[in-house]
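Each chain, written out:
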Protein chains: 2
Amino acid sequence: MIDKVLSYINKNSMISNGDKVVVGFSGGPDSTALLHILYRLKDELKISLYAVHVNHLIRGQEAFRDEEFSKNFCEKLNIPFYSFRIDVTKMAKEKGLSSEEAGRIARYECFNNVLKEINGNKIALAHNKNDQAETIIMKFLRGSGLKGLSGIQPVRDNIIRPLLICSREEIEYYCEHNNLQPVIDSTNKEAIYLRNKVRLELIPYIIKNINENVVDNLFKMAEILNDENEYIEKEALKYYEDIKDNGGIIVEGFKKLHVALKRRIIRQLIKDVKGDLNGIENLHVEDCLELIERNQTGKMLYLPKNLVAEISYGKFFIKRLDTKKDFEYILKIPGILRLDELNLVVKTELLKNHGNLTDTPFIKYFDYDKIKGGLVVRNRKEGDYIFPKGMKGKKKIKDLFIDKKIPRDERDSIPLVAIGKEVLWVYGIRDTKNYKIDEHTKNVLKITIERG
Amino acid sequence: MIDKVLSYINKNSMISNGDKVVVGFSGGPDSTALLHILYRLKDELKISLYAVHVNHLIRGQEAFRDEEFSKNFCEKLNIPFYSFRIDVTKMAKEKGLSSEEAGRIARYECFNNVLKEINGNKIALAHNKNDQAETIIMKFLRGSGLKGLSGIQPVRDNIIRPLLICSREEIEYYCEHNNLQPVIDSTNKEAIYLRNKVRLELIPYIIKNINENVVDNLFKMAEILNDENEYIEKEALKYYEDIKDNGGIIVEGFKKLHVALKRRIIRQLIKDVKGDLNGIENLHVEDCLELIERNQTGKMLYLPKNLVAEISYGKFFIKRLDTKKDFEYILKIPGILRLDELNLVVKTELLKNHGNLTDTPFIKYFDYDKIKGGLVVRNRKEGDYIFPKGMKGKKKIKDLFIDKKIPRDERDSIPLVAIGKEVLWVYGIRDTKNYKIDEHTKNVLKITIERG
């Protein structure tokens, strides 16, 4: 296996003479094998190694056992060992992140701290070929774009993944054969629920019934798609530079481009303004395309994360919304209300109750005769509450947002259907158990909220 | 649903006024719904319709029932009806194709015949959104490139697929609601074995456990990937035109391009010579890349389907091999033999029998003391035979090729390990049950055939 890893390192130009490499080291089989292999290669590659262990304080005693193992392992091989203890659960709560995401951020912070301290230049992580297949399958099933389908990259910035070419079995065999006795990863089960489904059920099913080489095939596919993604991205950035102008892009130049480039340029512009693309989905990009296609000065479009897209005199801009923009509209019944800035349409209709009316995420039915006051569509206000379907009693809208982990900067642009302070429907999140239709209902109010 | 289909037709510019549209009509729910919807839209779209039914003569009585239904359905709606009866099983055998593939070819022939007869210009097929998801998943699990991941195209040449936007449930509901009473497709089960696995087991598992919107998400993904594929393809063709020269490509110009373009240019060159890309896999493209990288005049590489890649004075060519090229080499034991033109290496080693020796597709073990005569590696000769593992008795190599559906033009470039006329190993296909190791074996001959 060591030859295979060495040739993969060389093929991807992962390491140069003199590199100081920080190795992420959990003590599990993957990172133990990685550290051991790099240790064996260090004279040949002329590198120095530093191991970094992060205790997430999630798994109690077991985590301390792992920390102890990692420390001893490094002592034996005389590798400088740095360990950190970070309360990832607390961090996740504070930042409104999943504990998986929080753990990832915490680890990178630790790696980068050590990198700075030792004046190092590379971070080596132990992802393997099976991780690669799982990642690609998860991205695929979510309908990800080319970048997602390219999977985990062997080299990204200063991060290298020398074991990506090795299967889990090869790594386990290596550990056994070299008597490394790694600890067994018992990862936070909830956070990796989906990955476990893919790892333990979906991939075995595919191997048995559809394609026994799926892991290898996806690995090779990812290499090719990665090249194709890189090519389009490079081209898009080139054209982006051409049509950039004072923080916006010139609509005329943009319109002449191939749609594949257009989508990527919009993403890049958003990234330049926002710093990343978290929360930005395909449909937002499509909405921007449409806005640009129409090219009417003054037209705006709210995007998630407090961003707004805007056309102004032949240029397209993405801007941060600094001031909270409240909105409130009375709902006419029947009637159609366009929330232009959210790109949503709210439609109300009156029907007779003929049974067979089932709510969907986009359509809610209410008993029209139970509704006394005036219905409005607006964003949240202090003191809003709901009697949520499927829960006991009354809940503050604020608490609902917290429970559902809706980021603070998005809460102001979520439309609510309300009567006074009582909310009937938090669009996309939850609706009330009050005012619902039953067998006595005669007149039905149907409310549809759709993009468009 | 009719509105949805109409807007999908318009969005993809599928139909123009005056089009004469040939509709593939099996009588099943999909094509019945398609024909009915187009019938209802025909005045609005100003088109004329022609239905074509192909009886594959596979399913006996049932197929005639379907033909009858289709005929009656068209009579009622006054749509010109053309039906064909084609013995697909026979055709598959004659052409060495799967019956699924043969059926597809037969249908397209019929559609095109009618198209010619009526002087029409469009062929409408009834693929739906679920077909799309299944296709994409199958391609994905095979590790397909961007084109495969783009799935079925709504428009390709003169073929249009107006129902691609509709799910199977929507179509079934449409048929029921309009009392169309289509026949139930009972397709050749063996041919669609894999698709059925994906349809009936894999997708339901994914919907239940991983992503309930997988069908929609893959549909949207395919639209975006289709654009990206189209963009790269267009760029590659542009550069291909620049570096094309007298049937070859200029190596110097080629080398400057991004690898994503290089791969596609090689594929295009092969397509120009061969007419299609059947049988050409990624590894063949990678081999060509390597050959070009080395750029040594006279270097050659055999490709499947009787093609050869060749470097000649700074140009790269793909050529058809018109004359059969025989080869035969004596195997030295132990030793290494390079079959340069097949890009294969044959390695022989002698080991003591320590048990635990298991054949793989690339490694075979034999009892060295049972082998009397001289071993050679060569291509097939008249009269070759094998005692195939897992089968009774002796088999002609010719029959083995026929059973395994190896196309005739590939048979001459498959290496065999043989003693006289007795073949021990047909590389990639089958090995002998003779000469195998058992508990009495002392000296083991290990033969490895690998790319490289």
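As the structure is a prediction and not an experimental result, all values here were calculated from the model.

### Section: a positive patch on the surface
Residues and elements named next belong to chain B.
Point 1. Residues K139, R142, K147 and K271 make up a contiguous surface patch of positive charge.
Point 2. Here R142 is to be found in the loop between α6 (129–141) and α7 (146–149).
Point 3. Residue classification places R142 among the exposed residues on the basis of a relative accessible area of 51%.

### Here we look at the sheet that holds strand β14 (residues 344–352) of chain B
Residues and elements named next belong to chain B.
Point 1. An order of β13-β14-β22-β15 is seen for the 4 strands of this open sheet, with the pairing classed as antiparallel. A strand with exactly one partner marks an edge of an open sheet, and here the two such strands are β13 (335–339) and β15 (363–367). Here the strands of the sheet are splayed against their neighbours by 20 degrees on average, with no regard to which way each runs.
Point 2. Pairing analysis gives 9 bridges linking β14 to strand β22 (residues 443–451), with the strands arranged antiparallel.

### Details of the layout of surface pockets
To locate leftover empty space, one rolls a probe as large as a water molecule over the atoms.
All names here are of chain A.
Point 1. Its boundaries defined by the atoms lining it, the second largest pocket holds a volume of some 640 Å³.
Point 2. Along its surface, the second largest pocket is lined by 16 residues, and M1, K4, S167, E169 and E170 are the ones closest to its centre.
Point 3. When contributions to the lining of the second largest pocket are tallied by element, the ones reaching two or more residues are α6 (129–141), α8 (168–177), α9 (193–209) and α10 (214–243).
Point 4. Element by element, the count of residues in the lining of the second largest pocket is highest for α9, at 4 residues.
Point 5. Of the residues that constitute the lining of the second largest pocket, the class distribution is 6 nonpolar, 3 polar and 7 charged.

### Some remarks on the side chain of A:S167
All names here are of chain A.
Point 1. Relative to the assigned elements, S167 resides in the loop between β6 (159–160) and α8.
Point 2. Given the relative accessible area of 12%, S167 is considered buried.
Point 3. Not counting residues within four places of it along the chain, the set of residues in contact with S167 comprises K129 and N130.

### A look at the environment of B:K347
Residues and elements named next belong to chain B.
Point 1. Tracing the backbone through its elements, the reader meets K347 in strand β14.
Point 2. According to the relative accessible area criterion, K347 is partly exposed, its value standing at 34%.
Point 3. In contact with K347, not counting residues within four places along its chain, are G335, I336, K446, I447 and T448.

### Some points on the nonpolar core
Point 1. Core analysis: the biggest nonpolar cluster contains 94 residues, and A:F140, A:F316, B:F140 and B:F316 have the highest contact counts within it.
Point 2. Residues within four places of B:F316 in sequence aside, it is in contact with B:G248, B:I249, B:V251, B:L269, B:C288, B:L291, B:I292, B:A309, B:E310 and B:I311.

Rules used throughout
- Residues numbered from 1 in each chain as written.
- Chains lettered and ligands numbered in written order.
- Predicted model: local features only at pLDDT ≥ 70, side-chain atom pairs only at ≥ 80, totals over all residues.
- Heavy atoms only, no water.
- Patch = residues over 30% accessible without salt bridge, like charges linked within 9 Å, V, L, I, M, F, W, Y side chains within 5 Å.
- Areas by Shrake-Rupley, 256 points an atom, 1.4 Å probe, with all protein chains shown as cover.
- Salt bridge = Lys/Arg side-chain N within 4 Å of Asp/Glu carboxyl O.
- Lys, Arg positive; Asp, Glu negative; His and termini not counted.
- Charge placed at Lys NZ, Arg CZ, Asp CG, Glu CD.
- Helix = DSSP H or I, 4+ residues; strand = E, 2+ residues; numbered from the N terminus.
- Buried < 20%, exposed > 50% of the residue type's maximum accessible area, 1.4 Å probe, protein only.
- Pairing = 2+ DSSP bridges.
- Axes fitted to C-alpha atoms, helices over the stretch in contact; angles between N-to-C directions.
- 1 Å grid on protein atoms, 1.4 Å probe; cavity = no way out; pocket = protein on both sides within 12 Å on 5 of 7 lines; lining within 4 Å.
- Points joined across faces, edges and corners; volume = space filled by probe spheres on them.
- Nonpolar A, V, L, I, M, F, W, Y, C, P; charged D, E, K, R; others polar.
- Contact = heavy atoms within 4.5 Å.
- Core = buried A, V, L, I, M, F, W, Y, C linked by side-chain atoms within 4.5 Å.

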